[in-house]
Amino acid sequence: MRIALLALLTLVTACPFDRGYESKDANGGGSDDGGSNAGSDAGSDAGSGSGSDAMTTPLREKPITITGLVVGTHTDFPLWLSLTDPQLAARARPDGTDIHFVAGTTQLDYQIQSWTKSSGRLDAWVRVPSLAMGTQIAMRYGDVTVAHAPDAPGTFAGYAAVWHFDDALNNATVADARNQTNGTAVSLNAGDSVAAQLGRGFNFTDGNDQVTFTNPLTGNTSHTISAWINQRTTTTNDAIIALGETETNQARWFHSRFNTATIAVGFYNNDYPDPNEDVIGGGWVLLHWVYDGTNRQTRLYRNAALVAGPFQHGTGVNTQGNAGSIGNAASGFGQNMGINATLDEVRIINVARGSTWLAAEALNQATPAMFYTVGVEQAP
């Protein structure tokens, strides 16, 4: 009896068991990579078939070189990567936890905005410490054991708020990538999350639609406020963003239409004259309002082209109060302020960005394939 039992245990120990599993990629689709694709990749490339982890393939990388026209050098630049890569699809994990970015031996902060294993589609932000023409970083994937974790707050270091508007709107929270100025969706629902310039965006259609948040700007501090906007036909005063109190010089507001078909900005009763720049029906447009607090000067940019300014505001700019709203404005700003547009990638930073930074940002986000070149796959 004992001899028979020992023989049975020996047989069981010798039989391999399939430890493949069903995984979901970022878009919720199932894939059986644990039992087939990843295992075959590892076996063909490594030539060893160690089997220690059916989801781990040999580490691979692709160089990413900045080849677009970039003037000067820009510190801590959040690079937008949007690509579809069959080799990445074949080797990376369904959950994308092996995908990471480096510059030489330096680990780079990054945020993966979306990843779809089935197609190899990746949308991500990478903070490049020093970006200029010719700068090279690398995307690595395949071996999860060497990957460092994403860090969205680090990716947008220095920003007061960064709203990607990729939220599904199945609850009221609207994420700030810095996790410091999260917003609250008001009168918006899942149907208002739509395809936009950089992934998803919010479609504002109702006069009550807005995202409220705590205003991060105070006093006379400099700022750069930016947003991608697809403005539809309207006759109302459409607010992109409004901050602070509805008292003279204590607020900051940025409209895609104000009184007539033109963008406009102001500090409440200290307003910018009509710049005569119409964005209605213009498709996706990147707008920047740059305010230099030291000189009290405003510049307005459309797709990085200066369309108004510099204009010097009067004295007494002193932003106060916690109120903040995207896509609408408090009643004290006036009536019918709800925007009739789709918005994407709304940002605030307490820095007056220069024109060369704005040009690099606009080129990168409008046509990423013209901003960088992805090299051939290689072993690091």
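Anyway, here's the lowdown on the structure attached to this text. Not measured: the values here are computed from a predicted model.

## Section: the sheet that holds strand E7 (residues 110–116)
Taken in spatial order, the three strands line up as E4-E8-E7 in an open sheet, and their pairing is antiparallel. Each edge of the open sheet carries a strand with a single partner, namely strand E4 (74–84) and E7. Looking at each pair of strands side by side, their axes are set apart by 20° on average, direction ignored. With six bridges connecting them, E7 and strand E8 (residues 121–131) associate as antiparallel partners. Among the inter-strand pairings, Trp-115 is bridged to a residue of E8, identified as Leu-122.

## Some words on the pairing of strand E18 (residues 251–255)
Counting buried positions along E18 gives five out of five residues, so the element sits mostly inside the fold. Burial of the side chains of E18 extends over both faces: Ala-251, Trp-253 and His-255 are buried on one face and Arg-252 and Phe-254 on the other. Here five bridges tie strand E17 (residues 239–244) to E18, and the two strands are oriented antiparallel to one another. Paired with Ile-241 across the bridge in E18 is Phe-254. Connecting E17 to the antiparallel partner E18 that follows it, the hairpin turn spans six residues, and Asn-249 within it adopts a positive phi of roughly 65°. Here E18 runs beside strand E19 (residues 264–266); their pairing, made up of three bridges, is antiparallel. Bridge pairing links His-255 to Ala-264 in E19.

## What about the nonpolar core?
For soluble globular proteins, the rule of thumb is that nonpolar side chains tend to be buried together. Leu-79, Leu-88, Ile-99, Phe-101, Leu-122 and Phe-371 are the most contacted members of the largest nonpolar core, which totals 41 residues. Listed by contribution, the elements that provide at least two residues to this core are strand E3 (60–66), E4, E7, E8, strand E9 (136–141), strand E10 (159–163), strand E20 (284–292) and helix H5 (355–366). For this core, the leading source of residues is E8, giving six residues. Non-local contacts of Phe-371, meaning those with residues more than four positions away in its chain, are made with Thr-65, Ile-66, Thr-67, Gly-68, Val-70, Phe-77, Leu-79, Leu-131, Ala-360, Leu-363 and Asn-364.

## Remarks on the packing of aromatic side chains
If you walk through the whole model with that rule in mind, you get 15 aromatic pairs. Ring geometry for Phe-267 against Trp-289: centres 5.6 Å apart, planes inclined by 65°, an arrangement best described as edge-to-face. Of this pair, Phe-267 sits in the loop between E19 and E20 while Trp-289 is found in strand E20, placing the two residues 22 residues apart along the sequence. By relative accessible area, which is 0% here, Phe-267 ends up buried. By relative accessible area, which is 0% here, Trp-289 ends up buried. Each residue in the set Trp-80, Trp-125, Phe-156 and Tyr-159 is aromatic and connected to the rest through ring pairs, giving one cluster. Its guanidinium or amino end placed over the ring of Trp-125, Arg-347 lies 4.9 Å from that ring's centre, counting from NZ or CZ. Sitting over the face of the ring of Trp-357, Arg-353 holds its NZ or CZ atom 3.6 Å from the ring centroid.

## Notes on the sheet that holds E19
One open sheet accounts for seven strands, arranged E11-E12-E15-E23-E17-E18-E19; its pairing is antiparallel. Pairing within the sheet leaves two strands with one partner each, and these edge strands are strand E11 (173–174) and E19. As judged from the four bridges shared by strand E15 (residues 210–214) and strand E23 (residues 323–326), these two strands associate in the antiparallel manner. What sits directly across from Val-211, in E23, is Ile-326.

Thresholds, definitions, all that
- Residues numbered from 1 in each chain as written.
- Predicted model: local features only at pLDDT ≥ 70, side-chain atom pairs only at ≥ 80, totals over all residues.
- Heavy atoms only, no water.
- Pairing = 2+ DSSP bridges.
- Helix = DSSP H or I, 4+ residues; strand = E, 2+ residues; numbered from the N terminus.
- Axes fitted to C-alpha atoms, helices over the stretch in contact; angles between N-to-C directions.
- Buried < 20%, exposed > 50% of the residue type's maximum accessible area, 1.4 Å probe, protein only.
- Core = buried A, V, L, I, M, F, W, Y, C linked by side-chain atoms within 4.5 Å.
- Contact = heavy atoms within 4.5 Å.
- Phe/Tyr/Trp six-rings, centres within 6.5 Å; stacked < 30°, edge-to-face > 60°.
- Lys NZ or Arg CZ within 6 Å of the ring centre and 35° of its normal.

Keep in mind these values describe shape, not function.
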